[in-house]
Amino acid sequence: MSTILFELGCEELPPKSLKPLRDALQASVTEQLTEADITFGSIKAFAAPRRLAIQIEGISAKQPDRTEEKRGPAIKAAFDADGNPTRAAMGFAKGLGIEASELSTINTDKGDYVGYVQTIQGQATTELLPTIFQTALDNLPIAKRMRSGASRNEFVRPVQWAVLMQDDAVIDATIQGHETGNQTRGHRFHSPEYHTIAHANDYEQLLDGLKVVVDFDKRQMLIKNQVKALSDEVNSDAIVPQSLLDEVTALVDFPIALRASFEPRFLQVPQEALISTMQADQKYFCLTDKTGKLQPYFIFITNIESKDPNQIIEGNEKVVRPRLADAEFFFLQDQKQPLFALTENLKTRVFQDKLGTIWEKSERIAKLAAFIAALMQQQGQEIDIDETVRAGILSKADLASSLVGEYPELQGIAGTYYARLNNEPEAVAASLEEQYLPKFSGDVLPQTSVGICLALADRLDTLVGIFAIGQAPTGSKDPFSLRRSAIGILRILIEKQLPINLVALVEQAIKGYSSSESRKIDKMGDTFTQVMAFLNSRYRAMYTEQGVSVDTIQAVQAINPHMPLDFDQRIRAVQAFSELPQASMLADSNKRVANILAKSEGAVADDVKASLLTEDAERSLYQTVQQAQLDVTPLLETANYTQVLQTLTSLDAPLTQFFADVMVNSEDVALKANRLALLKQVRALFLTVADISELQL
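Okay, so let's go over this structure. (Residues numbered from 1 in each chain as written. Predicted model: local features only at pLDDT ≥ 70, side-chain atom pairs only at ≥ 80, totals over all residues. Heavy atoms only, no water.)

### Concerning the pattern of salt bridges
So, step 1. All told, the structure shown has 35 salt bridges when counted by the stated rule.
So, step 2. The residue Asp65 makes a salt bridge to Lys62 at a minimum N-O spacing of 3.0 Å.
So, step 3. Several salt bridges share partner residues, and in doing so they unite Lys361, Arg364, Lys396, Asp458 and Asp461 into one network. (Salt bridge = Lys/Arg side-chain N within 4 Å of Asp/Glu carboxyl O.)

Following this line, the structure appears as structure tokens:
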């Protein structure tokens, strides 16, 4: 057993791609080794700004030998009457490079054949590795490859060197157009020369001495520890998004964290703007106090061990100051007029060519949000409709601000700041930011009632408008993020426990367009149908992400509930029902009932005539159904679907006995009709919650 080392040295690799490239390289090499039947003890991938590497320990010297059974013609065709090999047998033997006398007999179910068991020698690992590594490089997820100079080899960045070793020996090969060797390079500034790798096991230790922490995860941990230590010194917490941490880790070979500061006067600017510019433009880690308020410090990671770190700190402070000053300028510039005044600019800004201006959208949002607020009031929630309308009118005002013009990600956030500066009601101010929640899967929801109304109204207005103009999402395109918007609507209604019907919301959103002659929806019925179908289709994506089985979702969708909160309650009930011991039998019985009713000719009566119940099994089922109807009625009034299905498990035994003893399709027409009516009542009981026949238990 030995150690293999592969390293590809390049110009600086794309920082956002470095970690995915490392993982893909390791996955591909591992898969190919497994397919080649080459065993190994461990495999580890390395990634630094100028290199990708793989170290494989305890690898076998060669593939194991294997045998292959070659089958030729049938015995009858292989030998003549005298037992001599025919031309067919001799041709088969010649193809294998053996004499006909070496052939053996293979017995199969279809008869006897001549054959030969061939031993195939396993290839040496060192012979296979160059192809394995080149294939792995060729399969890396690189969006755009480049060529360097006259070379026709393509890679994400120009390749400078290649290492391929087995223990202390070089494996001669050509990878990415470079002859392999045992020479690597250290830190670009601290140790730029070539250095010899004495043994494949020495790789990581050698590079540590050359100021390169080649292990990506180790380098990242060093950064996290240094950042925490520096932030603790000023009693602060660092904002360390994983994506930024990955990018910074990919930018440095030898991370050294330094803390710098900026003028406290910049803290009057919305901290989201400051954080945005420091993270996106400078790759800094911002610091906040224990309450989340931004502090006048930032931490950056340098790739140089400087003799005078203060010079580097001062340089970064000098660089960031103009960027913060720009944010300050835009913020102060916007305050020269009230937030409402900015809405005037929205009257000339187009939301969508066929759907009018952003101002028109704001008016529709205000009306729809007021409608939703009225529904919430009817349910006993405290919400001011006038404030909701005001919030709707101001909802898009900050899109005309200088700050959002420079930092688009601050839409809503800037509006909240400006609304508070203008002494707008707090409910109005908070809702301007909350209208965009949730922004992504798993994101937080709006917390205020007005924010909930705005978030729903904004998404519904966009959904209806885009469907009305025939630009519904396709399999690959969803430019208005309608799928995300639809799931946002469902999540808000469910998680905020709002018993509001989607039908009412979609109809009201359509009316918002219908009240405007210039933006009137021509085919209101078609738009309603399409939007409702689209919203209902999102349940599957939302619940499968939560681990709910597809058949459970289909069982509830089969009865088409229009209230998302009600839909969710039914989902939870069916999930609980699926765990019961009677669930499988009842699901099968429901399938049978559904099939019988579907095949019945003519309408099935609703009422069962007790006088026509002739069999003990059908009388028992009828009595159980009657009792179940009484028991579930109050449960349905409180939407206690879990208890409804629990109650209906009482039908398991009598329903099973019914099918065992009773002939539904009796020759007596009256008996048949009565039994169908009984099964219809059974079916109706379960359909009060879901179509249990959809379950695959």
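### Focus: the packing of helix α15 (residues 426–434) against helix α16 (residues 449–468)
So, step 1. At their nearest, the axes of α15 and α16 sit 8 Å apart, and the two run at 40 degrees to each other. As summarised for this structure, α15 and α16 are arranged oblique, according to the angle between their axes. Our pair here, α15 against α16, has a crossing hand that is right-handed. The residues of α16 that touch α15, namely those facing Ala427, Ser431, Leu432 and Glu434, are Val450, Gly451, Leu454 and Ala455. (Axes fitted to C-alpha atoms, helices over the stretch in contact; angles between N-to-C directions. Helix = DSSP H or I, 4+ residues; strand = E, 2+ residues; numbered from the N terminus. Parallel < 35°, antiparallel > 145°, perpendicular 65-115°, else oblique. Left-handed = near helix turned anticlockwise from the far one by under 90°. Contact = heavy atoms within 4.5 Å.)

### Points about the pairing of strand β5 (residues 104–108)
So, step 1. Judged from the five bridges that link them, β5 and strand β6 (residues 111–120) form a sheet pairing that is antiparallel. Each residue of the ladder has a partner; that of Ile106, found in β6, is Tyr113.
So, step 2. Counting the residues between successive antiparallel strands, the hairpin from β5 to β6 contains two residues. (Pairing = 2+ DSSP bridges.)

### Description of the sheet that holds strand β3 (residues 51–59)
So, step 1. On the basis of which strands lie adjacent, the open sheet formed by five strands has the order β2-β3-β1-β9-β10 and antiparallel pairing. Pairing within the sheet leaves two strands with one partner each, and these edge strands are β2 (42–48) and β10 (169–170).
So, step 2. Where strand β9 (residues 159–166) and β10 come together, two bridges link them in antiparallel fashion. Directly across from Gln166, in β10, lies its bridge partner Ala169.
So, step 3. On top of the sheet, helix α4 (residues 125–138) reaches β1 (2–10), β3 and β9; it is set at about 35 degrees to β1, its chief contact.

### Observations concerning helix α1 (residues 18–35)
So, step 1. The terminal C-alpha atoms of α1, which comprises 18 residues, lie 26 Å apart, in line with the 26 Å expected from a rise of 1.5 Å per residue.
So, step 2. Residues Leu18, Leu21, Arg22, Leu25, Ser28, Val29, Gln32 and Leu33 constitute the buried set of α1. Looking down the long axis of α1, one finds its buried residues gathered within 140 degrees of arc, a one-sided arrangement. Away from its buried face, by an angle of more than 90 degrees, α1 presents the exposed residues Thr34 and Glu35.
So, step 3. Where α1 is buried, its residues contact β2, β3, α4, α6 (216–233) and α7 (242–251).
So, step 4. Taken from the residues just after α1, Asp37 is the one with a positive phi, measuring 65 degrees. (Expected span 1.5 Å × (residues − 1). Buried < 20%, exposed > 50% of the residue type's maximum accessible area, 1.4 Å probe, protein only. Arc of directions from axis to C-beta.)

### Here's the deal with the packing of aromatic side chains
So, step 1. Per the stated rule, a full pass over the model turns up 14 aromatic pairs.
So, step 2. Measuring from centroid to centroid gives 6.0 Å for Tyr284 and Phe300, while their planes differ by 50 degrees, and the two rings are tilted. In this pair, Tyr284 sits in the loop between α8 (271–282) and β17 (285–288) while Phe300 sits in strand β18 (residues 294–302), placing the two residues 16 residues apart along the sequence. For the pair Tyr284 and Phe300, a shared accessibility class is recorded, and that class is buried.
So, step 3. Among the aromatic residues, those joined into a ring-pair cluster are Tyr284, Phe298 and Phe300.
So, step 4. It is Lys347 that lies over the ring of Trp359; its NZ or CZ is 5.1 Å from the centre. (Phe/Tyr/Trp six-rings, centres within 6.5 Å; stacked < 30°, edge-to-face > 60°. Lys NZ or Arg CZ within 6 Å of the ring centre and 35° of its normal.)

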